[in-house]
Amino acid sequence: MATTGIPTSLTQGSGTRGGIGESTLRPDGTLKVTGEFAYASDLWHEDMLWGHTLRSTVAHAEIRSIDTAEALATPGVYAVLTYEDLPAAVTHYGLEIKDTPVLAHGKVRHHGEPVALVAADHPETARRAAAKIRIDYADLPVVTDEASATAPGAPLVHEHRTDHYAGHVPHPNVLHRQPVIRGDAARAAERADVIITGDYVFGMQDQAFLGPESGLAVPAEDGGVDLYVATQWLHADLAQMAPVLGLPEEKVRMTLSGVGGAFGGREDISMQIHACLLALRTGRPVKIVYNRFESFFGHVHRHPARLHYEHGATRDGKLTHMKCRIVLDGGAYASSSPAVVGNAASLSAGPYAVEDVDIEALALYTNNPPCGAMRGFGAVQACFAYEAQMDKVAAALGMDPVEFRRINAMEQGTLLPTGQRVDSPAPVAELLRRVKARPLPPERQWLVAGEEADVRALPGGLSNTTHGEGVVRGVGYAVGIKNVGFSEGFDDYSTARVRLEVVGGVAVAVVHTAMAEVGQGGVTVHAQIARTELGVTQVTIVPADTRVGSAGSTSASRQTYVTGGAVKNSCEHVRERVLEIGRRKFGTYHPAWATAELLLEDGKVVTDGGEVLAALVDVLEDEAVEVEREWRHRPTEAFDLRTGQGNGHVQYSFAAHRAVVEVDTELGLVKVVELAVAQDVGKALNPLSVLGQIHGGSTQGLGVAVMEEIIVDPVTAKVRNPSFTDYLIPTILDTPTMPVDILELADDHAPYGLRGVGEAPTLSSTPAVLAAIRAATGLELNRTPVRPEHLTGT
């Protein structure tokens, strides 16, 4: 089905108002667009203090001394903390490797690392006091790239490796390495009629969420602390926080506050521990909210990468082999780099059938800013390179680039480089066909002789920089593959508590999970699932907190799959309990109950919701049924650390893009005119949300193609552009028309047949835009983002 909006056939739904398949609106949507929604930065407590973090001004240095006396003497200051004031023996945390200090001790390893904390009665007082802290630094050599990280005698970013990856890396500054070897790539190359190599550079991208890191910590009478915070993973935060606070987990209670975007940047700890430390020290509530400058230093970024690829193909267009080496800069601390490496390695061949591969992916420890999760998670960098390669190989063979991709497209049953077989639909060729078949947007006025140009539609036209001289059009294609959910043997589960009761004569379902709602729409989908499975219309979503079991992270396109699966599972168990109660009360002699019983038993409550509702009210009366259940997807397994073989992923998602761009070759300006998308979503549980995810992911991919990059000085490892003045993201004026084709090819292993949606469009949008710019200019353009000087040669 093709659409530039919501396809009619997707909005008819399941028969229950607001059920699965319907475009139900977000409960928080109106509040957000009117500015009335309460974000974490709006938190307030009447007697709260304000916290501030002092960060290092250098990237790598020994800390000789810290003098806090002047800061402590500042009127209005209640506490100043350094590493020496930490309350527990555990002083480090981390998602996978506990290598990140709560506050720097002995040395700092990156620009902006937290060194000290201040609590004061006003945010400006806290900032001024922090500026009075005197730190004596002794500069150390800076490690910034692979050459400086692995050269003989290179300084070690971490002197002592204690993680289980340490024995599998060639150098202590290599954080993790994952090869993937299948077949014999060297021998297969002998069959190739063309062999194409390429070197690619992917810049460091920021998640650029608009809501800054923020939270409020409130000390409790039992010696614990209550934290209200914007995060992506409440229980992971809890597991990292409690040991360094010196508290049992039950005394650290966390509640999700309004989240202003995430995209992976809130998966790691930022201000959570710091606010709690200050609250526990002062005995007062403490709020920390970062400004934009602090935010750039307060969260991880997308790994910059250098990628070397080699592809071979026969004259008839069949790939013979693929070799690649992917080097990711993990920065000063591990974060989720090992998992990013696993994704980059296992998905580096793209959505193509190629039997012989020789792949190596690794992440480095450097003194650059820490990098970790961001939408697309390792697959984005690989897709940029392998799609450029597909265009180059096709050109060398004189073939149409889409046809070349179609010939090599994987399908259901294809064996991946890791030895895992794709066991659900993989409509790669069909997605490409759809974006290519879509009519191209009409040519612009200035390309027609004698017509006056509308300068507003020109590249850079709103600045009146050009009147159409040197403007050329290009069209480019790309397709990508992304895993869904946590991989490599991770116990990926979620928990849902569902309660069914009668309130005021109406059957009401209450759904409670720890899922972080960061904009993906889980608060809508969970209500839709409850309506569909229980036949009710009234559903209440309880705010996410740690009073219920973990929902895992809102990342990896997993929440609708896994937490949605948990809600569905708990609803099914509630239904079973209702059946037991109904049978006990009515037996088989109550005609209305007999009909409702059949519907409940078959899970067909959506076909006659009214009859089921009436029966539920009769059955429950003053009773309530509450169930809390965990739900897991199929197990995965770790990749072999020598060969990369293993069933490492549970599901794959696919998207294809066609980009149409116009380039002013004289000024080096680019305008993306259209970004058409085709994506298989398995089942669109909420078509409106699906469309929003595809549009949003495509826009982020566009951003890294033409404007987004954190610039790190290669000599000092200092960040040069930590602000939205200098770090540019697409605005509404940069965002093109995005017609969307949505396919619904069910994955039989997933709840409702759904497929994770949010990340796949981020992969292929970037290389599609680059391909279109190459087509317009004839330039090779092997790095992101493309800057004006890359197009003009100046």
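What comes next is a walk through the structure.

## Quick look at helix 18 (residues 760–777)
- With 18 residues, helix 18 ought to run about 26 Å at 1.5 Å a step, and its terminal C-alpha atoms sit 27 Å apart, in line with that.
- Counting buried positions along helix 18 gives 16 out of 18 residues, so the element sits mostly inside the fold.
- One or two steps after helix 18, the chain reaches G778, where phi turns positive at roughly 80°.

## Points about the pairing of strand 16 (residues 305–313)
- Most of strand 16 is tucked away: 7 of the 9 residues are buried.
- In terms of strand pairing, strand 11 (residues 194–202) meets strand 16 through 9 bridges, oriented antiparallel. Bridge pairing in strand 16 places F202 opposite A305.
- Inspection of the sheet shows strand 16 paired to strand 17 (residues 319–329) by 9 bridges, in the antiparallel sense. Each residue of the ladder has a partner; that of Y309, found in strand 17, is C324.
- Linking two consecutive strands that pair antiparallel, namely strand 16 and strand 17, is a turn of 5 residues; a positive phi of about 95° is found at G317 within it.

## Considering unusual backbone geometry
- Between T784 and P785 the backbone carries a cis peptide bond, its omega angle lying at -10°.
- With respect to the helices, strands and loops of the structure, P785 is situated in the loop between strand 27 (783–784) and helix 19 (788–792).
- Here the phi dihedral of A556 falls at roughly 60°; this positive angle occurs in a residue that is not glycine.
- Within the secondary structure, A556 sits in the loop between strand 22 (538–542) and helix 14 (559–586).
- The exposure class of A556 is buried, given its relative accessible area of 14%.
- In this structure, Y752 is a non-glycine residue whose phi angle is positive, near 60°.
- Tracing the chain through its elements places Y752 in the loop between strand 26 (740–743) and helix 18.
- Residue classification places Y752 among the partly exposed positions, given a relative accessible area of 23%.

## Considering the sheet that holds strand 18 (residues 357–364)
- Reading across from one edge, 10-18-17-16-11-27 is the order of the 6 strands in this open sheet, with mixed pairing throughout. A strand with exactly one partner marks an edge of an open sheet, and here the two such strands are strand 10 (174–182) and strand 27.
- Bridging between strand 11 and strand 27 involves 2 bridges; their strand directions are parallel. The residue of strand 27 that forms the bridge with V201 is R783.

## Looking at the sheet that holds strand 23 (residues 624–632)
- On the basis of which strands lie adjacent, the open sheet formed by 4 strands has the order 22-21-20-23 and mixed pairing. Looking along the sheet, the strands with just one partner apiece sit at the ends: strand 22 and strand 23. Here the strands of the sheet are splayed against their neighbours by 20° on average, with no regard to which way each runs.
- Note: strand 21 (residues 506–512) against strand 22, 5 bridges, orientation parallel. Within strand 22, the position partnered with V510 by the bridge is T540.
- Along the sheet face, helix 14 touches strand 20 (493–503), strand 21 and strand 23 and points at about 140° away from the line of strand 23.

Each value, and the rule that gives it
Residues numbered from 1 in each chain as written. Predicted model: local features only at pLDDT ≥ 70, side-chain atom pairs only at ≥ 80, totals over all residues. Heavy atoms only, no water. Helix = DSSP H or I, 4+ residues; strand = E, 2+ residues; numbered from the N terminus. Expected span 1.5 Å × (residues − 1). Buried < 20%, exposed > 50% of the residue type's maximum accessible area, 1.4 Å probe, protein only. Pairing = 2+ DSSP bridges. Axes fitted to C-alpha atoms, helices over the stretch in contact; angles between N-to-C directions. Contact = heavy atoms within 4.5 Å.

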